[in-house]
Amino acid sequence: MTQVELVRERWLFDHVAPDVRSITLEYTVRNTGPDELYQVFLPLNAFLANLQVLDEDGRQLNYLPNREVERALQEVKREKPAAYDRAVTATPHPEYRISIVLPRHAPLRPGDMRTLRLVHTDAEKPKYLTFRALTLPSYHIAHVRRVGQPYGIHVAVNAPPDTQLAVDLDDETVRGREHYHSTPTDDIDYHFNAYLPPPGEEPYVWRVNYHTGPTFMEELILTAWLLLAAVAGVAVLLALALGGGSPQTAREMLALSGGLSATSAGLLIGLKNAWSSRYLKLLLPVFAVAAIAWLLWFVRGG
Amino acid sequence: MADPVNNPLYEAGDTNPGMSEESESSTAKYLKDHLEQIVVDTSETSSAPGRLKLHEKKAKPKPE
């Protein structure tokens, strides 16, 4: 029988940029038994990349190497199969298991509570929304609440500065439950928050997709610019192919690249900080056209 | 060997400083011996890049 009661679970998703996020999985546990505990064993749903384990005082905690955990579990399975079943098989998501070592001078004493923070990053590359001119990374979160779990789960998503958060929520099976809360759609700007109550006798699933990006107007303007730049690029290539790099072509290219450069610079200056630095690279193709035009001008003696 | 009296790492009551309890509490043997006591019933939660198919019609469970 476990002595460690999970009091609260929190998932915090902090975005430094739309496609860079730090994930903090926070467990608050209480020792309900009579013995001091020096380790806490957590079955987890997935491997956590770049993992750092901290307690509520910010102390970095050790955890046992995977190989040692696996070896210990195999020994328990062999020597005490009933105990293994109760501790491991009973948790239906043992993709990854971690045993956190508490400081020797600060074990989890009877009745004490401790918060353990598992700070990590995504183990996969970002995935972007399809049919969008801009690169907008998307993410999902899914919670399956099983019967018998008496604790609530907090979820918080913080978008990077100067961006807007878009959330698509699937909470049909929990919406009507007491104490359930999620930030109303109209109030979502850069932050989203939800509280998932204990499931009681009825299990439920809560899922959400989200992405961060520019506002609707900013996205519209940037998309229009990208289309314009693409059309202009094709026009330049056509002019070059048909005109054979004549001084006339070079003059046209110069005029076009000059116009596009001015438009791009104006657009980027007008955008919010986060987006102007993210899309600064848009200027590169425009400058490349200008460079080719100058080269032609020089070679052909326009 | 470390001096248990003057070394702040050791607290009163340490019977065998430098060995046993300290080293054991941070080993796989401790995990093996106390697994049932220290396991936490965590939730089934996942988060990753990419989107899920949401709002699909769920089949109603059949009455038993």
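Here the structure is shown first, and the text comes after it.
First things first, this report covers the structure right here in the doc.

Conventions used here
Throughout, residues of each chain are indexed from 1 in the direction in which the sequence is written. Just so you know, chain letters begin at A and ligand numbers begin at 1, following the order they were written in. Predicted model: local features are reported for residues with pLDDT of at least 70 only, side-chain atom pairs are reported and counted for 80 or more only, and whole-chain, interface and lining totals are derived from all residues. Computation of side-chain values covers all heavy atoms of the structure but excludes hydrogens and water. Secondary structure counts use DSSP, requiring at least four H or I residues in a row for a helix and at least two E residues in a row for a strand, with both numbered from the N terminus. Note on contacts: a residue pair is in contact if any heavy atoms of the two residues lie within 4.5 Å. In this scheme, strands are said to pair when DSSP sees at least two bridges between them. Only protein chains enter the area calculation, which uses a 1.4 Å probe; residues under 20% of their type maximum are buried, those over 50% are exposed, and those in between are partly exposed.

To continue, consider the environment of I98 of chain A. Residues and elements named next belong to chain A. Note that I98 resides in strand β6 (residues 96–101). For the pair I98 and L6, spaced 92 residues apart in sequence, the C-alpha separation works out to 15 Å. Among all residues touching I98, those that are not within four sequence positions of it are V40, F41, L42, L44, L51, V53, Y63 and L118.

The subject of this paragraph is the pairing of strand β1 (residues 4–17) of chain A. Residues and elements named next belong to chain A. Bridging between β1 and strand β2 (residues 20–31) involves twelve bridges; their strand directions are antiparallel. Following the sheet pairing, L12 is matched in β2 by T24. Taking the residues between adjacent antiparallel strands as the criterion, β1 and β2 are bridged by two residues. By the bridge criterion, seven bridges tie β1 to strand β10 (residues 152–158) in an arrangement that is parallel. In the sheet register, E9 faces β10, and the bridge partner there is I153.

Regular strands place side chains that alternate from one sheet face to the opposite one. Residues and elements named next belong to chain A. Of all ten residues in strand β14 (residues 204–213), nine are buried; the element is thus mostly enclosed. Relative to β14, strand β9 (residues 137–145) is paired through eight bridges, and the arrangement is antiparallel. Residue pairing across strands places A142 opposite R207, the latter belonging to β14. With seven bridges joining them, strand β11 (residues 164–170) and β14 adopt antiparallel strand pairing. Bridge pairing in β14 places D170 opposite R207.

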